[in-house]
Amino acid sequence: MKTKTFPMGGIHIDKHKITSHKAIIDAGLPEYVYIPIKQHIGAPAKILVQKGDKVKVGTLLADADGLVSADIHSSVSGEVVKIEDIVNVDAYLTPMIVIKVEGDEYEKSIDRTPDIIKDITLSREEIIQRIRESGIVGMGGAGYPTPIKTTIPEGKTADTLIINGIECEAYLTADDRLMVEHAEEIIIGAKILNKALGIQNAIIAIDENKPEAIEKMQSLCRKYVGVNVAVCESKYPQGAEKQLIKAITGREVPSGKLPIDVHCIVQNAGTTFAVYEAVQKHKPLYERIITVSGDEAAETPQNFRVRVGTPASFLIKQVTKHPKKIGKVIFGGAMMGISAVNMEAPTTKLTSGILLLTDKDANKPQSSECIRCARCADFCPMGLRPYAIATALKNHELSELGGLHTMDCIECGSCSYICPARIPLLDYCKLGKMEVRKQLKK
Amino acid sequence: MNIILSGVLVLGGIGFCAALILYYVAQKFHTDDDMRVQKIEKILPGANCGGCGQAGCHDFAVACATSDEKSFEKLHCTVGGNKLMKEIADILGYKAVEKAPTVAVLRCQGSCQNAPIKFEFSGLQSCRLATQIATARSECPYGCMRLGDCVNACKFGALKMNPKTGLPEVDENKCVSCGACVAVCPKQLFEIRPKGKDGKRVYVACRNQLKGAQARKNCSVACIACQKCAKINSEIKIENNLSYIPTSVDAEQYGEILAKSCPTGAIVYTGLKKENNQHED
Amino acid sequence: MLKISTAPHINSPQSTQSIMRDVIIALMPAFVVALCVFGVSALEVIITSVAGCVVFEYMICKYLMHIQPTTWDLSAVVTGLLLGYNLPAGFPIWMNLIGCFVAIAITKMAFGGIGKNLFNPALAGRVFLLISFPMEMTTWPKPHIFDFMNTDMQTGATTLGILKHLDAETSATALSRATTNQEQLPDYLDMFLGNIGGSIGEISTLALILGFIYLLYRRIISWHIPVYYIATFMILTTIHWLLTGSTQAEPMTQLLSGGLFLGTIFMATDYTTSPMSRQGRIIFAIGCGILTYVIRFYSVYPEGVSFAILIMNAFVPMIDNLCVPRVFGTRRK
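Residues numbered from 1 in each chain as written. Chains lettered and ligands numbered in written order. Predicted model: local features only at pLDDT ≥ 70, side-chain atom pairs only at ≥ 80, totals over all residues. Heavy atoms only, no water.

1. Brief notes about the overall build of chain B
Summing up its helical and strand segments, chain B has 12 helices and 9 strands in all. Relative to the compact-globule value of 19 Å for 281 residues, chain B shows a C-alpha radius of gyration of 26 Å, a clear excess of over 25%. Structurally, chain B occupies a C-alpha span of about 95 × 50 × 35 Å along its principal axes. For chain B, the residues scored as buried account for 42% of the 281 residues in total. Restricting to contacts in chain B with at least 6 residues of sequence separation, those with at least 24 account for 57%. Within the structure as shown, chain B displays about 15700 Å² of accessible surface, and the carbon and sulfur contribution to it stands at 54%. Of the charged side chains in chain B, 35 are positive and 27 negative, and the gap between their average positions amounts to 6 Å. (Helix = DSSP H or I, 4+ residues; strand = E, 2+ residues; numbered from the N terminus. Rg over C-alpha atoms; globule rule 2.2 N^0.38 Å. Buried < 20%, exposed > 50% of the residue type's maximum accessible area, 1.4 Å probe, protein only. Contact = heavy atoms within 4.5 Å. Areas by Shrake-Rupley, 256 points an atom, 1.4 Å probe, with all protein chains shown as cover. Lys, Arg positive; Asp, Glu negative; His and termini not counted. Charge placed at Lys NZ, Arg CZ, Asp CG, Glu CD.)

Here you go:
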């Protein structure tokens, strides 16, 4: 079968998808959950509860503050014991609501039956309202509030909805398992998004290393008009928005523009599933699928269904008996994940995986001199020249950075990965972006 | 003879043509530059550090030349100092205003000894980058990252990493208070303060805004907002669990008392430095 | 204590060292052929040049630049091998060491070490030797296959040398030239396998192509430079041959003789001294092809590959400035 892909750059990495055949299991309830009030891009939510309040699963804890923000719901039932600033995984002191878990009671409105509801009865406005009330954000990692993405800005048109089922990151299998076990729900979710956006068709993009998901989706799609499966090459970063649009539609998002400018909307498969649950089952976003994996450090890697706010250590305990062996804990995949400063950091709506590395693998190799092999430029999916960005920064030629299109960097990390001299090129690009932002502010 | 003659003629001809072209170009592209701008630019340090608030030395020269007597008072080249400003004032025919010399101070004492490094960081050694993935190197989320972005930013070689403490140190004699370190530090640890008489300054060398007990747990020289300094001088304000000594507080008069009153040693008085050093040794 | 670091947390298995190791492996078939054809006299030259380059690099790093010696990235070994491959068997050791010094000290380390040199070190060393010691550099021992201990210096000319000589001296018609002198020239199979006179590493086209296939398989180099280089050169030669009918321009002979394959596969593709964009590499290769043709046919030297590559090396910074890859989402200016 011919697979689709983007033409420029991209790397083939060893994906280590060791958990792709492991069914999703419930992670259980920790003793305490730590729910950050900012799990999305934009303003932090306004806290509605107080210390001592009793909450149930699905109780609104914090209200979206403005348009670019998202509601936060309780993921457990119990008592709010503390609200204070705790270091989050993204290294910022974030106010968190600490809840002591007592029992497992749900809000009455949540439909917990396993039936799949196929009829979409709500109107367009009601759907968007329901998505907003459920606190859904882009679960691929960016955390952009979904209600904004489901309303097309004035003067723009959209004709293609792409459901991003490409998990091009190493180790992660959360979306893969979700597509296998909840294929129909995702398709209905896509139909719901179709209705909200006023588009007739949806394309579910899956990369070729997920044969089970592809097969399941393809057989189900025959029943649903307007939903199609596109098989993409297993190449990194195939799941990046701009690269995915290029692969599926052949359109190129202009520099500095958004997908909507080429009439496309991309939603993550996990987000689509959350939309289905919110709209059809009235279930707010309080749990998600997380892959806990690792080569040696994780003895029994697993795909978990995890309540938001569960500390990473609670999950780590379930996959390894020797936590001392762990040298690095990464929230996310091996290419773009954030390495956590401690194991107590809570999982959020955006955590797609927790990757454990042994002490040995945790060390970054020493960098040496650039040998001008140009691999970074050859493999950059955006056609940038990371070596030139690094040189400009080293030589304090900050005015050069704009001309090098530093701001177009998608921070995929292909350059750092491929560099034979192990130069942290992505770090230079990130630093370059900071400098350009500073220049723009002036 | 012929060869010599033709050689002279050809070379002379080329020279003449080139002279004509040069003359024409000079006429055609002549600009009416303010001579004063050129004069001022000549005596400026030419470091283009941006310490004066202008984009570079040329811009500063233009700003000086176009200023009137009042607005000239606001212009100041921190690198050249009062001596240079006097020269510029002479060129322009204005009166120079003496400004107290300033210096950059690091408001953190979270050294390897006081606040031990907790995380092993690898990647590009840059504070600004490291702050994106880790709040701090030690337990204190407000402390120095110890990766030396300020040292790289300093164009005058005034900053150096002390390998023993892990903190950058300001060389008072080299620092021109251009503010590059202030701008680059992701923790806003640097402040430009008046140098003070005989280099005597007093300031709170801490930026942490945590409550006393937690702050003390994180770092042994943290400001714990105990109010003791505020009782000595009413100008000292405590906000967000952090004391700040304004520059108006007379260092010579209060410096020693303040430094001694501080139970954690977060207040630094440079007049006492020598004793401290001896104590450390 | 948990370690924290910036993303990505994994790295490609290819490192500078592994790349250099692969290049050394790719050079091995030619080494075997050289041993079979020239015996110990070739081994001696290669060992001298490799050892010379490694020792010079180590000493300069340690005692002059005061940096961690970069010996373990194996780049000096590659330089040494290539320099040795570019010398005739039985080349005097002391001259060889001068070549090593020029290659490592002047061409590489004086510019700042690995990745900073403008010219290919091995080629610069060879050209320096060629200009300084023209006699020794063009004394080519005749091949004596599987006679390892033979150090008897029975010398002959290289194919290109014969061709050049013919073109200059004879004034007969094209046809008679071809008939009278064809016997002097080795046949194609000998040239392909390596049973001819010439520099140590350049004689066997087959061995070099094997190395090329290995480099392509390991994704060390792309096919662009060698293919464009040889194609440009062959097109120009063929046109020349068709127009003049001269024996010298006989395309197959030109292709299989001299350092064309060694230069184009291993030296024109050197990362440091070739352009960094695909488009730039193509321009570079075409430039090399044209220069090789011009030097081989219109200069006093029979061989032009090393000069061509060195001259194009000088243009690399300019090519890099002109050929910038298109950024995603923008139009090429």
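2. A word on the packing of aromatic side chains
Applying the stated criterion across every chain yields a total of 9 aromatic pairs over all chains. Centroid distance Trp94 of chain C to Phe133 of chain C: 5.6 Å. Interplanar angle 75 degrees. Geometry classified as edge-to-face. Highlighted residues: Trp94 of chain C in helix H4 (residues 93-108) and Phe133 of chain C in the loop between helix H5 (121-132) and helix H6 (134-137), separated in sequence by 39 residues. Their ring planes at 40 degrees and their centres at 5.1 Å tell us that Tyr301 of chain C and Phe307 of chain C sit as a pair that is tilted. The class of Tyr301 of chain C is partly exposed, set by a relative accessible area of 31%. Accessibility expressed as a relative area gives 16% for Phe307 of chain C, which makes it buried. Here the aromatic cluster, defined as three or more aromatic residues joined through ring pairs, consists of Tyr293, Phe297 and Tyr298 of chain C. The cationic tip of Lys283 of chain A hangs over the ring face of Tyr286 of chain A; the distance from NZ or CZ to the ring centre is 5.4 Å. (Phe/Tyr/Trp six-rings, centres within 6.5 Å; stacked < 30°, edge-to-face > 60°. Lys NZ or Arg CZ within 6 Å of the ring centre and 35° of its normal.)

3. Re helix H1 (residues 2-28) of chain B
With 27 residues, H1 of chain B extends 38 Å from end C-alpha to end C-alpha; this agrees with the ideal 39 Å at 1.5 Å per step. Taken across its 27 residues, H1 of chain B has 0 buried, putting it largely on the surface. (Expected span 1.5 Å × (residues − 1).)

4. Concerning the interface of chain C and chain A
Each partner contributes to the interface: chain C provides 36 residues, whereas chain A provides 58 residues. When the buried area of chain C at its contact with chain A is split by residue, Lys3, Met276 and Phe328 of chain C rank highest and sum to 21% of it. Joining chain C to chain A, the criterion identifies 5 salt bridges. Its salt-bridge partner being Lys3 of chain C, residue Asp359 of chain A comes within 3.3 Å of it at the nearest N-O pair. Summed over the shared surface of chain C and chain A, the number is 28 residue pairs in polar contact (both at pLDDT 80 or more). Secondary-structure elements contributing two or more residues to the side of chain C that touches chain A are strand S1 (3-5), helix H1 (16-38) and helix H15 (305-322) of chain C. Considering each element in turn, the side of chain C that touches chain A owes the most residues, 3 residues, to S1 of chain C. When its residues are assigned to classes, the side of chain C that touches chain A shows 17 nonpolar, 13 polar and 6 charged. (Buried area = accessible area lost by both parts, 1.4 Å probe. Salt bridge = Lys/Arg side-chain N within 4 Å of Asp/Glu carboxyl O. Polar contact = N/O pair within 3.5 Å; in protein donor to acceptor, adjacent residues only side chain to side chain. Nonpolar A, V, L, I, M, F, W, Y, C, P; charged D, E, K, R; others polar.)

5. Points about the packing of helix H10 (residues 205-217) of chain C against helix H13 (residues 260-267) of chain C
Residue and element names in this part refer to chain C. Packing of H10 against H13 leaves a shortest axis separation of 9 Å and a crossing angle of 15 degrees. By the angle class used here, H10 and H13 are roughly parallel. Pair H10 / H13 crosses with left-handed handedness. Across the interface between the two elements, Thr205, Leu208, Ile209, Gly211, Phe212 and Leu215 of H10 pack against Phe261, Leu262, Ile265 and Phe266 of H13. For the contact of H10 with H13, the per-class residue count stands at 8 nonpolar, 2 polar and no charged. (Axes fitted to C-alpha atoms, helices over the stretch in contact; angles between N-to-C directions. Parallel < 35°, antiparallel > 145°, perpendicular 65-115°, else oblique. Left-handed = near helix turned anticlockwise from the far one by under 90°.)

6. Here we look at a nonpolar patch on the surface
Residues and elements named next belong to chain C. Side chains of Leu216, Trp223, Val227, Tyr228, Ile286, Ile290, Val294 and Tyr298 sit close together on the surface and give an oily, nonpolar patch of about 670 Å² of accessible area. Looking at the nonpolar patch, the elements that each hand over two or more residues are helix H11 (224-244) and helix H14 (278-298). The element best represented in the nonpolar patch is H14, accounting for 4 residues. With respect to the helices and strands, Val294 occurs in helix H14. (Patch = residues over 30% accessible without salt bridge, like charges linked within 9 Å, V, L, I, M, F, W, Y side chains within 5 Å.)

7. Points about the domain arrangement of chain B
Residues and elements named next belong to chain B. According to the domain assignment, chain B consists of domain 1 (34-92), domain 2 (100-193) and domain 3 (196-281). Look at where the C-alpha atoms of domain 2 and domain 3 centre, and you get two points 19 Å apart. Each side of the interface is counted separately: domain 2 has 19 residues, and domain 3 has 22 residues. Of all residues in domain 2, Arg107, Tyr142 and Arg193 give up the largest surface area on contact with domain 3, accounting jointly for 38% of the area buried on that side. Where domain 2 packs against domain 3, one counts 1 salt bridge. In this structure, Glu172 engages Arg201 in a salt bridge whose closest nitrogen and oxygen atoms are separated by 3.1 Å. Between domain 2 and domain 3 we count 8 residue pairs in polar contact (both at pLDDT 80 or more) in total. Of all elements in the fold, only strand S1 (102-106) and strand S5 (190-194) reach the threshold of two or more residues within the side of domain 2 that touches domain 3. Of the residues in the side of domain 2 that touches domain 3, the class split is 9 nonpolar, 4 polar and 6 charged. (Domains from an automatic or database assignment.)

8. Some points on the interface of chain A and chain B
The interface of chain A with chain B comprises 19 residues on the first partner and 16 residues on the second. In total, chain A and chain B occlude about 1600 Å² of area from one another, counting both sides; carbon and sulfur atoms represent 62% of this. Where chain A meets chain B, there are 1 salt bridge. Inspection of the chain A/chain B interface yields 2 residue pairs in polar contact (both at pLDDT 80 or more). Among the secondary structure elements, those contributing two or more residues to the side of chain A that touches chain B are strand S16 (338-339) and helix H14 (425-441) of chain A. Residue composition of the side of chain A that touches chain B, by class: 11 nonpolar, 3 polar and 5 charged.

9. Examining the side chain of Glu287 of chain A
Residues and elements named next belong to chain A. Following the sequence through the fold, Glu287 ends up in strand S13 (residues 287-293). At a separation of 2.9 Å, a polar atom in the side chain of Glu287 contacts the side chain of Lys283. Discounting chain neighbours no more than four positions away, the residues touching Glu287 are Arg305, Val306, Arg307 and Val308.

10. Brief notes about the confidence of the model for chain B
Residue and element names in this part refer to chain B. Mean pLDDT over chain B stands at 84; residues scoring 70 or higher make up 96%. When the elements of chain B are averaged for pLDDT, helix H12 (residues 273-280) gives the smallest value, 47, and H1 the largest, 92. This model gives residues 275-281 a pLDDT under 50, and the stretch forms 0 contacts once residues within four places in sequence are excluded. With pTM at 0.88, the complex prediction returns an ipTM value of 0.87. (pLDDT = per-residue confidence, 0-100.)

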